[in-house]
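Breakdown of the fold
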Amino acid sequence: MCGIVGYVGSRRVVPILLEGLRRLEYRGYDSAGLVYQFDNQLVRYRAKGKLANLEAVVDEHVGVASGVGLGHTRWATHGAPTENNAHPHTDCTGELVVVHNGIIENYSSLKNELTAKGHVFTSETDTEVLAHLIEDCLQGDLVAAVRAALARVEGSYAIGVLWAKEPELLVAARNHSPLVMGVASDACYIASDIPALLPYTREVIFLDDCEMAVLRKGTYSILKVDDGCPLEKTISVIDWNASMAEKAGYRHFMLKEIFEQPQAILNTVSGRIVPDTGVVDLPEIGLDPAAVNNIERIALVACGTSWHAALIAKYWIEKWVGIPVEVDIASEFRYRRLLVNERVLTIAISQSGETADTLAGIRRAAQLGSKVVTVCNVVGSTMTREADGIIYTHAGPEIGVASTKAFTCQLAALFLLTLYLGQVRKTIDPVTQRKLGAALIDVAGVIETELPRLQAEVKTLIERYYESKDFLFVGRGLNYPIALEGALKLKEISYIHAEGYAAGELKHGPIALIDRDMPVVALAPRDSVYLKVVSNVEEIKARQGRLVLIGTSGDEHLSTLTEDVLYLPEVCEDLNPLLYTIPAQLIAYEIANRRGCDVDQPRNLAKSVTVE
Ligand code: M6R
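This one's a predicted model, so the numbers in the text were calculated from it and none came from an experiment. (Residues numbered from 1 in each chain as written. Predicted model: local features only at pLDDT ≥ 70, side-chain atom pairs only at ≥ 80, totals over all residues. Heavy atoms only, no water.)

A few words now on the overall build of the chain. Scanning the chain from N- to C-terminus turns up 18 helices and 24 strands. Rg of the C-alpha trace for the chain: 25 Å, near the compact-globule value of 25 Å for 612 residues, within the 12% margin. The principal-axis extents of the C-alpha atoms in the chain amount to approximately 75 × 55 × 45 Å. Within the chain, counting contacts between residues at least 6 apart in sequence, those at least 24 apart form 71% of the total. As presented, the chain carries roughly 22,400 Å² of accessible surface, and 49% of it is formed by carbon and sulfur atoms. Distance between charge centroids for the chain: 2 Å, based on 59 positive and 77 negative side chains. (Helix = DSSP H or I, 4+ residues; strand = E, 2+ residues; numbered from the N terminus. Rg over C-alpha atoms; globule rule 2.2 N^0.38 Å. Contact = heavy atoms within 4.5 Å. Areas by Shrake-Rupley, 256 points an atom, 1.4 Å probe, with all protein chains shown as cover. Lys, Arg positive; Asp, Glu negative; His and termini not counted. Charge placed at Lys NZ, Arg CZ, Asp CG, Glu CD.)

Around the ligand, 14 residues are found, and the nearest of them are Ser 306, Ser 350, Gln 351, Thr 355 and Glu 492. At a separation of 2.6 Å, an oxygen atom of the ligand approaches a polar side-chain atom of Ser 350. Thr 355 is positioned such that a nitrogen or oxygen atom in its side chain is 2.4 Å from an oxygen atom of the ligand. Look at the ligand: alone it shows 420 Å² of surface, and the protein chains cover 91% of it. Elements that contribute at least two residues to the shell around the ligand include exactly helix H9 (304-320) and helix H15 (480-494). The greatest single-element share of the shell around the ligand, amounting to 3 residues, is contributed by H9. Of the residues contributing to the shell around the ligand, the split by class is 4 nonpolar, 8 polar and 2 charged. (Near = heavy atom within 4 Å. Polar contact = N/O pair within 3.5 Å; in protein donor to acceptor, adjacent residues only side chain to side chain. Nonpolar A, V, L, I, M, F, W, Y, C, P; charged D, E, K, R; others polar.)

If you look at the biggest cluster of nonpolar residues, it comprises 93 residues, and the most contacted ones within it are Ile 298, Trp 316, Ile 347, Leu 421 and Phe 471. By residue number, the principal contributor to this core is helix H13 (residues 405-424), which donates 12 residues. Residue-level mapping places this core at the junction of two domains, with at least three residues from each of domain 2 (253-452) and domain 3 (454-594). Ignoring sequence-local partners within four residues, the contact set of Ile 347 consists of Ile 298, Ala 299, Leu 300, Val 301, Val 373, Val 375 and Leu 417. Val 13, Ala 47, Leu 54 and Val 204 belong to the second largest nonpolar core, which has 36 residues in total. (Core = buried A, V, L, I, M, F, W, Y, C linked by side-chain atoms within 4.5 Å. Buried < 20%, exposed > 50% of the residue type's maximum accessible area, 1.4 Å probe, protein only. Domains from an automatic or database assignment.)

Turning to the sheet that holds strand S22 (residues 520-524), a few remarks are in order. With parallel pairing, the 5 strands of this open sheet are ordered in space as S21-S20-S22-S23-S24. Each end of this open sheet is capped by a strand with a single partner; those strands are strand S21 (497-502) and strand S24 (565-568). The mean inter-strand angle of the sheet, taken between neighbouring strand axes irrespective of direction, is 15°. Pairing of strand S23 (residues 547-552) with S24, which is carried by 4 bridges, proceeds in the parallel orientation. Of the residues in S24, the one forming a bridge with Ile 550 is Leu 566. Lying on the sheet, H15 is in contact with strand S20 (470-475), S21 and S22; it crosses S21 at an angle near 175°. Contacts from helix H16 (residues 530-542) reach S22 and S23, with the element oriented near 160° to S22. (Pairing = 2+ DSSP bridges. Axes fitted to C-alpha atoms, helices over the stretch in contact; angles between N-to-C directions.)

Once that is clear, we can look at the pattern of salt bridges. Under the criterion given, the structure shown has 34 salt bridges. Where Asp 136 meets Lys 117, a salt bridge forms, and the shortest distance between an N and an O atom there is 2.6 Å. On the criterion of sequence distance, the pair formed by Asp 136 in helix H4 (residues 127-137) and Lys 117 in the loop between helix H3 (107-116) and H4 is long-range, its members being 19 residues apart. Asp 136 gets classed as partly exposed once you look at its relative accessible area, which sits at 32%. Measuring nitrogen to oxygen at the nearest pair gives 3.9 Å for the salt bridge that ties Lys 217 to Glu 168. You can see Lys 217 sitting in the loop between strand S12 (211-216) and strand S13 (219-224) and its partner Glu 168 sitting in the loop between strand S7 (155-163) and strand S8 (169-175), a full 49 residues away along the chain. Here Lys 217 falls in the partly exposed class, since its relative accessible area comes to 32%. Owing to a relative accessible area of 42%, Glu 168 belongs among the partly exposed residues under this scheme. The network of salt bridges with shared partners includes Glu 19, Arg 22, Arg 23 and Glu 246. (Salt bridge = Lys/Arg side-chain N within 4 Å of Asp/Glu carboxyl O.)

Listed below in structure tokens is the structure:
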């Protein structure tokens, strides 16, 4: 939440900041701002709303900027999304500026203290406290002042600081909010996330908590915030490239990412299943066979779409491995009494690897002695650095706020994990294992083949539904989480109220909602619970419900129940969730698009939820 970008070099800084902000806009778009050093002064621009509003303001000044600056795109926490609350924030003199991602939890007491000392505040943000606090500590040495100020701060932050009197210096620091430094031969960068750096460098240094970066023209150093001691950090090379974070001719990132799924799933599986034998290899999982055999219980922890992936993984692991699995929403997990110990394996599922609640959850689990593995998409993210083991999804950068390819890749990774656990604990025989591994690869091919037809059919179908105010999604077994996911996708990008239910739960209350104004999307593949789902569908039809059915090609019975049926080929039952999520994604996308919604940047949301 919130994106920050910074540059120290010799090129004109404003285009670099704007490009960085464009690539970070998915992190928040309530306001945007930038500042650069020019002629011993700081030149600042801010605008309410999307980045385009800032671009309109700064455009004519682009030519005069020097090579040091900071930018920020905001997801509001403290203070309304106004220009006045937009970052960068300044101290009383206007000579010191701060951009910030995170929350300063003790801002109120600090503000009272600073106000009593004569500091004048001009915004409602927690961030402005930092600018005045650093000003208060400043005695000619900006690095020392930032360190002294941060010693007084409670909460989470990734910050960038500039001071007019040190025009070639940028100071950055992090604690519980992501910050990565980019290193090139002629410049240094800071950013909240890798995509902002990709046009300039793929060499990065991930800052850890309580570390700061001091960037000067031609040099940089990393220090510990508390004692100022220098740190040796390794440079990582990222294998993403700049074009992966572009729309590539698609109208929206979300649509591009939906269509990238077949390849992304294959990339996630690639090299992890030995051809012929079907043996699964997960070298980074960090668990030796003895550790796998010792697991008594698995705790899956995640938020949002990643939590839906966890719900599906529970079915798989309990079915094929026989280990009891608990699934928790991370914001609940982190605050309840955790019965977790060294015999419990905690698995955090996260696209970004930065979600604050999931991170806090794994930290608690680790304190209680649990081994932690993360299923994560972003290389070098905080979760991957803190976990004992990693299963990377290889979805590539996901920019659309609504998660699509990251979800199907999480499913692929979790299915691989299931096979791996079954292999080590000998709960899956080799022949079945080989078949399941092959089926996972096959499903990517099926999605690839079906996507264009499905998109065309969904586009036509939604003409009858796009004006609805409410929707229900229902499914059973492995498709119940897909019903939840379909409802989440629809509500987050189209603002239509939608709920997902286990189909068997309908008669325990929600069936009272059924009428002509409440379309129901029912997931009804020919699987082991097919007849049960069909009975539930009949109950909806008997109450004049409008039905969209998604089922198996050749199932003529479905078309007797409604004219709106989307057919999908039969695949291995376990892998239905990967396939059945595709029409659900397309229904959400096409409805949102038809309603003229901002698909990639839905209101009130941000891609990466780095505050709790
Ligand atoms: O980066 P994470 O996977 O940890 O993010 C979790 C959720 O914030 C995320 O899945 C969110 O629910 C998406 N907007 C759903 O499309």
